[in-house]
Amino acid sequence: MKKLIVIDGNSLIYRAFFALPLLQTEGGRYTNGVYGFTTMLLKMLEDEKPDYMLVAFDKGKKNFRHDTYKEYKGHRPSTPDELREQFKTVKEMLELMNIKFYEAENYEADDIIGTVCEQAKGQKLKTTVVTGDKDILQLVDESVEVMLTRKGITNTERYDVEKFKEVYGINPAQFIDIKGLMGDSSDNIPGVPGVGEKTALKFIKKYKDIEGVYENVEECGGPKMREKLKANKDIAFISKDLATIFKEVPIDFKFEDLNIGIFDVKLKDMFMDLEFNSLLPKLNIETPQQQLKELEIKGNTNAKDLQNKKVAFWWTDSTIYVCDGKLVYKLEDEKQMNQFLCDESIDKICYDKKSVLHKASDIGCQPKELKFCSVIAAYLLKPEQKEYTMEFLSTNYIGNTAVCDEFPQNYSYALYNIAQNLKKELEEKKLWKLYLELELPLTEVLYTMERNGVNIDREHLTELKDEFSKRLADLEEKIYSYTDEKFNINSPKQLGKILFEELNLPVIKKTKTGYSTDVSVLEKLRTEHPIIEHLLQYRMVAKIKSTYLEGMEGLIGKNDGKIHTHFNQTITATGRLSSTEPNLQNIPIRVEEGRKVRKIFVPHQKDNILVSLDYSQIELRIMAHMSQDSVMIDGFKKEQDIHTRTAAEVYGVDLEEVTYEQRRNAKAVNFGIVYGISDYGLSQNLGISRKQAKEYIDRYFERYVGVKSFIEETVEKAKEKGYVTTLFNRRRYIPEINSRSFHRRSFAERTAVNTPIQGTAADIIKKAMVDIHKANLACDMLLQVHDDLVFEIDKSKADQVIPQIRTLMEGTIKLDVALTVDVNKGNNWYNME
DNA sequence: AGCGTCACG
DNA sequence: ACGTACGTGACGCTC
């Protein structure tokens, strides 16, 4: 029989407060109530080893009993300040212990306890109520016992039905009749004057209940007593009502939520803060491995055994380990694994949902109710983290480093507990909605895109490769014609030696290790020597050939001739996706030669076309919305070219008069604004002096005062809170925002400005992807390139589907400036118009 | 493994 | 005096 412990929080804290000396920490916090409560709770966990636990608290001073009798508990002195502050501490501690607590408006802790005991009966649980309040004794029955604290805190007396009868000589249910007659001075329940415990017990033993007493009132006691009973009949019944625990408090909970989990690591810190040094050794936060020694592992489990459970699972090559928080089950048969994954009655927590979906697909199954993905949850909490290994998750969310490959079953158990803590923290930080409505559904979209893949025109790839190989050989020859001997052009070290030592060209920039030979340097040397032009060409051609042609070729699927990139959802600190093996988010487009690579990406069926829909100026639109800058909003409302408008503002000319040069500069400033502008950065980008760059920026801020104050406020808020957020509440911590190092602090400030913008843009397109996926349109989503979605669509359906996609993309969120989407289509990713 | 370089948004 | 524009990934070289 499973065991439930219900604790009367108010009662225990009060009792501890008055029983113990007024303990104080060095910092002046009062801790005696917390200390006594904690000691008791730890003792209960240790001695009773319950399966479930719950703590009930009173809420507010008033409850429904005041409606019938407004003097109820009227004589109670108000809670001392030294005690009041301790309730909050206890609740914080319970959070870290993963122990649920409840309070309900208009009810007392007793009523919650009564309600829980009642519901526990339906679950066939053995319940122990821990309290210092004798009123609770009325709940004692075959399945409920009460631990009553006596003097002190941990000194208790256990009341089951037998014990109760022995002490009082009546049934526990009759306790309220006793109370009705004798009243309770501490609760200010009046009762019948002149009737004490002895008399009350005598009457109730004889007549069963108050009703019985009044039916036979003429036989009771002497004439004086009869007089009092008759005169106070109403009071007696009201008193009984007041003493009766209400068992139908509307609280929402499931017993599985009350599972005893693992203490949060932070509990140790809390104990140290509270100076509970004597309790620290008791805290012995057990590792999953230690606990697993006692855990039964059921091999060759049938998936049916797991129905209706909430579980976490860990999938190794040939085995799925499933844990329901108590037991670990082992699924070794592929058919059983399949059934388990597809069973809609099983709530599943996994480590990495997207890889589970892929693995499941390999055994021909579409998992259901994969409700929790630990890596995604951890990513939203710490997006700047590089990896979310099990080691990371267990040290950070259950305070344990002992999970290891040697015992894969431990992973399922650890995961079960990790997930509870991740969820809790997501809720605390208001990230749950983002998680549940955006990131988790997006995982399925990304899985589908990865499975779809992009078809490749192999023949054309070969042609391009030949062409670029020939060009590379020509360039190589030309480069060597200027040097004494051949060298490795791809080696920056060797090239630096040739340029700056053999050809004696001026050194523009240095790297940590030697001369810099990057594009910006070569561009400045262009007029100095004819070799430079060829080097620039060589670099470009070599890049295209190695990265985009040869690199791509090796990743074409043998069976389907397609490329299946991996969209990683947990890499970027801002919320963007990333793409690897291959990276399809950086296929060349800006320079014609590179752009040709896009010709190899083609539809996989001849009646299909590729369609790309991209958000126009999404980041600047978000900046306009967030900053509420009137000039920027005006530009977008009038559908003006944003860079031209900026140039007109900054140079003080009409829109029509803006020159190409002015627009180019304005565009660079606009980009800079989104990046968290600096004069140095702008000067590098435009190839101008820092002084000049600073003048541009100053002029910009004169015209765009809303943007200026938005940037200042954003930095200010980051300094205050330590993090920044997007419109969808995605969060990124900026720890260095208060650094004493100018360099680190400046970097942090730019990050603080850029992240809400870039992150909101990421939120928006992610939402669009989820919406499009849900709409089940006649299209295959293939790629996402930050502000761009690429689809494959049947030619004959394109005119119908494209507007549907566009409407969804433009409608993801209502900003103060409209979101607009441009459409391009073609028979490959190059020919798009 | 870390660096330099360069492709994209 | 400081010395970078924001966010990524892949390649080749060097150690």
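Rules of the game
- Residues numbered from 1 in each chain as written.
- Chains lettered and ligands numbered in written order.
- Predicted model: local features only at pLDDT ≥ 70, side-chain atom pairs only at ≥ 80, totals over all residues.
- Heavy atoms only, no water.
- Near = heavy atom within 4 Å.
- Polar contact = N/O pair within 3.5 Å; in protein donor to acceptor, adjacent residues only side chain to side chain.
- Helix = DSSP H or I, 4+ residues; strand = E, 2+ residues; numbered from the N terminus.
- Nonpolar A, V, L, I, M, F, W, Y, C, P; charged D, E, K, R; others polar.
- Axes fitted to C-alpha atoms, helices over the stretch in contact; angles between N-to-C directions.
- Parallel < 35°, antiparallel > 145°, perpendicular 65-115°, else oblique.
- Left-handed = near helix turned anticlockwise from the far one by under 90°.
- Contact = heavy atoms within 4.5 Å.
- Domains from an automatic or database assignment.
- Buried area = accessible area lost by both parts, 1.4 Å probe.
- Salt bridge = Lys/Arg side-chain N within 4 Å of Asp/Glu carboxyl O.

Trainee: Please give an account of the protein's contact with DNA strand B that cites residues and values.
Mentor: Around DNA strand B, the surrounding shell holds 22 residues, and the nearest of these are Thr517, Val519, Arg539, Ile589 and Asp787. Threonine 511 is positioned such that a nitrogen or oxygen atom in its side chain is 3.3 Å from a phosphate oxygen of DNA strand B. For the surface near DNA strand B, the leading source of residues is helix 24 (residues 531-553), giving 3 residues. Class assignment for the residues of the surface near DNA strand B results in 7 nonpolar, 8 polar and 7 charged.

Trainee: Could you give an account of the protein's contact with DNA strand C, naming the residues involved and the relevant values?
Mentor: In the vicinity of DNA strand C lie 37 residues, with Asn488, Ser491, Ser578, Arg690 and Phe747 positioned nearest. The sugar-phosphate backbone supplies 63% of the atoms of DNA strand C found within 4 Å of the protein. In the environment of DNA strand C, a base nitrogen lies 3.1 Å from a nitrogen or oxygen atom belonging to the backbone of alanine 668. Taking glutamine 758, its side chain carries an N or O atom lying 3.1 Å from a sugar or linking oxygen of DNA strand C. Elements supplying a minimum of two residues to the surface near DNA strand C: helix 22 (492-502), helix 24, strand 16 (578-580), helix 29 (660-675), helix 30 (679-686) and helix 33 (742-775). Looking at the surface near DNA strand C element by element, the count peaks at 6 residues for helix 33. A per-class count over the surface near DNA strand C returns 9 nonpolar, 21 polar and 7 charged.

Trainee: Go over the packing of helix 32 (residues 705-721) against helix 33, please, and point to the residues and values.
Mentor: Contact geometry for helix 32 and helix 33: axes closest at 9 Å, N-to-C directions at 110 degrees. Viewed along their axes, helix 32 and helix 33 adopt a mutual orientation that is roughly perpendicular. Seen from above, helix 32 lies across helix 33 with right-handed handedness. Counting all contacts with helix 32, which are made through Phe710, Ile711, Thr714, Val715, Ala718 and Lys719, the residues of helix 33 involved are Arg745, Glu749, Ala752, Val753, Pro756 and Ile757. Its residues assigned to classes, the contact of helix 32 with helix 33 shows 8 nonpolar, 1 polar and 3 charged.

Trainee: Mind laying out the domain arrangement of chain A, listing which residues take part and the relevant values?
Mentor: The domains assigned to chain A are domain 1 (1-169 + 250-280), domain 2 (170-244), domain 3 (288-429) and domain 4 (625-754). Look at where the C-alpha atoms of domain 1 and domain 2 centre, and you get two points 29 Å apart. The interface of domain 1 with domain 2 comprises 19 residues on the first partner and 20 residues on the second. With both chains or domains summed, domain 1 and domain 2 bury close to 1,800 Å², and 54% of this area falls on carbon and sulfur atoms. When the area that domain 1 buries against domain 2 is broken down by residue, the three leading residues are Tyr69, Gln138 and Tyr168, summing to 33%. Where domain 1 touches domain 2, the interface holds 1 salt bridge. For aspartate 135, the salt bridge identified is with lysine 179, shortest N-O distance 1.9 Å. One can count 6 residue pairs in polar contact (both at pLDDT 80 or more) joining domain 1 with domain 2. Here the side of domain 1 that touches domain 2 gets 4 residues from one element, more than from any other, and that element is helix 6 (residues 161-168). Here the side of domain 1 that touches domain 2 is composed, by residue class, of 7 nonpolar, 5 polar and 7 charged.

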